Every structure is written in structure tokens, then in C-alpha cells.
Amino acid sequence: MSDAVSRLAEVRAAIAAATVEAKRPADAVTLVAVSKTFPIEAIEPVLAAGQRVFGENYVQDAKGKWPELRQRYPNAEVHMIGPLQSNKAKEAVALFDVIETLDRPSLAKELAKEVAKAKAAGARIPRFLVQVNTGAEPQKGGVLPEEADAFIRACREEHGLTVEGLMCIPPADEPPAPHFALLTTMARRNGLSVISMGMSADYPIAIAMGATHVRVGSAIFGARG
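Residues numbered from 1 in each chain as written. Predicted model: local features only at pLDDT ≥ 70, side-chain atom pairs only at ≥ 80, totals over all residues. Heavy atoms only, no water.

- For the protein chain, the name recorded in an unreviewed UniProt entry is Pyridoxal phosphate homeostasis protein, with Phreatobacter oligotrophus as its organism.
- Recorded in UniProt under Cofactor (unreviewed entry), the annotation for the protein chain is "pyridoxal 5'-phosphate".
- The record in UniProt for the protein chain states the following under Sequence similarities (unreviewed entry): "Belongs to the pyridoxal phosphate-binding protein YggS/PROSC family." (UniProt positions renumbered as here; feature names shortened; annotations may be inferred.)

1. Notes on the nonpolar core
- Ranked by size, the top nonpolar core spans 64 residues in total, and within it Leu102 and Leu111 carry the most contacts.
- Examining the composition of this core, we find that six residues originate from one element, helix 6 (residues 105–120), more than from any other.
- Leu111 has contacts with Leu84, Ala89, Val93, Ile99, Leu102, Phe128 and Leu161, leaving out every residue within four places of it along the chain. (Core = buried A, V, L, I, M, F, W, Y, C linked by side-chain atoms within 4.5 Å. Buried < 20%, exposed > 50% of the residue type's maximum accessible area, 1.4 Å probe, protein only. Helix = DSSP H or I, 4+ residues; strand = E, 2+ residues; numbered from the N terminus. Contact = heavy atoms within 4.5 Å.)

2. A closer look at the state of the cysteines
- Throughout the structure, instances matching the rule amount to zero disulfides.
- With no disulfide of its own, Cys155 has Cys168 as its nearest cysteine by sulfur position, at a separation of 17 Å.
- Residue Cys168 is classed as buried on the basis of its relative accessible area, which comes to 0%. (Disulfide = S-S within 2.5 Å.)

3. Some words on the packing of helix 7 (residues 145–157) against helix 8 (residues 177–189)
- Remark: helix 7 packs on helix 8, axes separated minimally by 11 Å, with the N-to-C direction vectors making an angle of 25 degrees. Classified by the angle their axes make, helix 7 and helix 8 are roughly parallel. The two elements helix 7 and helix 8 meet at a crossing, and its hand is right-handed. Where helix 7 approaches helix 8, its residues Pro145, Ala148 and Asp149 are matched on the opposing element by Leu182, Met186 and Arg189.
- The residue inventory of the contact of helix 7 with helix 8, partitioned by class, reads four nonpolar, no polar and two charged. (Axes fitted to C-alpha atoms, helices over the stretch in contact; angles between N-to-C directions. Parallel < 35°, antiparallel > 145°, perpendicular 65-115°, else oblique. Left-handed = near helix turned anticlockwise from the far one by under 90°. Nonpolar A, V, L, I, M, F, W, Y, C, P; charged D, E, K, R; others polar.)

Here it is in C-alpha cells:
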């Protein structure tokens, strides 16, 4: 058994324990294994162990791995969890099942164009999460909390995008719980069922606060080079 597979089992057990502790249904939380920057050889044992949902930060990196991996694991689901440039919208729509980092009108417009083309071609359509910059950090992507409701509405009504949830990355130097609480409140207010929050260091807290998806990388794959 590879180190990643044994760590995967530990993370799954911790998620299960946190879910029970939070008095939530056993299937309430989906693990997104963050495989960004790791090669096919590191990811395949985790796929073979039954993990099917993965997160990637870069279009080019994902493009070099997932078409090949999907030939062997066609039911794998890949999420874009890194910043997405508008000029990569076409590749992202073709490659990802979920784009978690929808965060500005220009990107929504480009994604809507590519979704329309994909629909016309009978191709698979990705689902979308709006990224919220809960800490209003200037260096970080995401719509500001006070602008999120209007942006979600515009994505749905003006651009016709299927927004199914929200995502956030709290500031590294602040307690995450208030940020998680804010995202959960915002999701419920907008009738959104998916809440992607919590990473290797804080996912049990995120589960207690209502996360439906937790993004765990280093706790499974180890430190990146």
C-alpha cells in the first residue's frame, strides 16, 4: 500500500468521525483529493483505492494528466479549484466537471459562451461554484461577500450558468470558523446546496460548520516539492 493510500484511509476516517460529531448524515461530505502538481504515478494508486473526486489548480497541469487517467477511470470527477483566467475558459469547460472558482463578470461571460457551444455540440456541461473572498484579501481571488448575492443572481439570470454552490479559502492567519459560518449562511440564503470549504489543516471545523465538500491535498499526497 502506498503512503498516499494509507493517508487517504486516515483522512476518510477523520471525515467520517467529524461528520458523526456534527450529527450530519454519513454521506453529507464529499472528499476532493487535491492532486495539483502531482504526477499520474502519484494519483493512480489513490484512484485505485476508490477515490473519485479530485481537485486541480492549473488547466495545463490537469490537461496533461486527466484525459489519460479518465480512460482508465471514466467515472473520475475533476474540479478546478485554482484561479481561472478568462482565456482558459474553453479548455476549462472541456476538461473539468466542476469549476469552483467563478469569481468575476468577465469570467462568467466567457464561461457562458463556452457552455453554449458545448450544449450545441451535445457535450458535457460543467457545474459551477462561486468563489467568495470571505476575508477581502486583495491578493486572493473571489467575489467580496457584500457583492456575492448580486453576482450569483447575474451568473444565473444573465449568463445562464448552473451555479450550485460556493467556495472559500479563509485567510491563513485568522480562525477559519467565522469564514465558514459566513459561507454557509450565504449559500443557504441563495438556495445553494454545495459548500466547498476546509482544507488539510481545518476540514473537521468546516464539516462542523456545514461543508459539503472538503479539499484535502497534503494530508493525502504529502508535501509538494
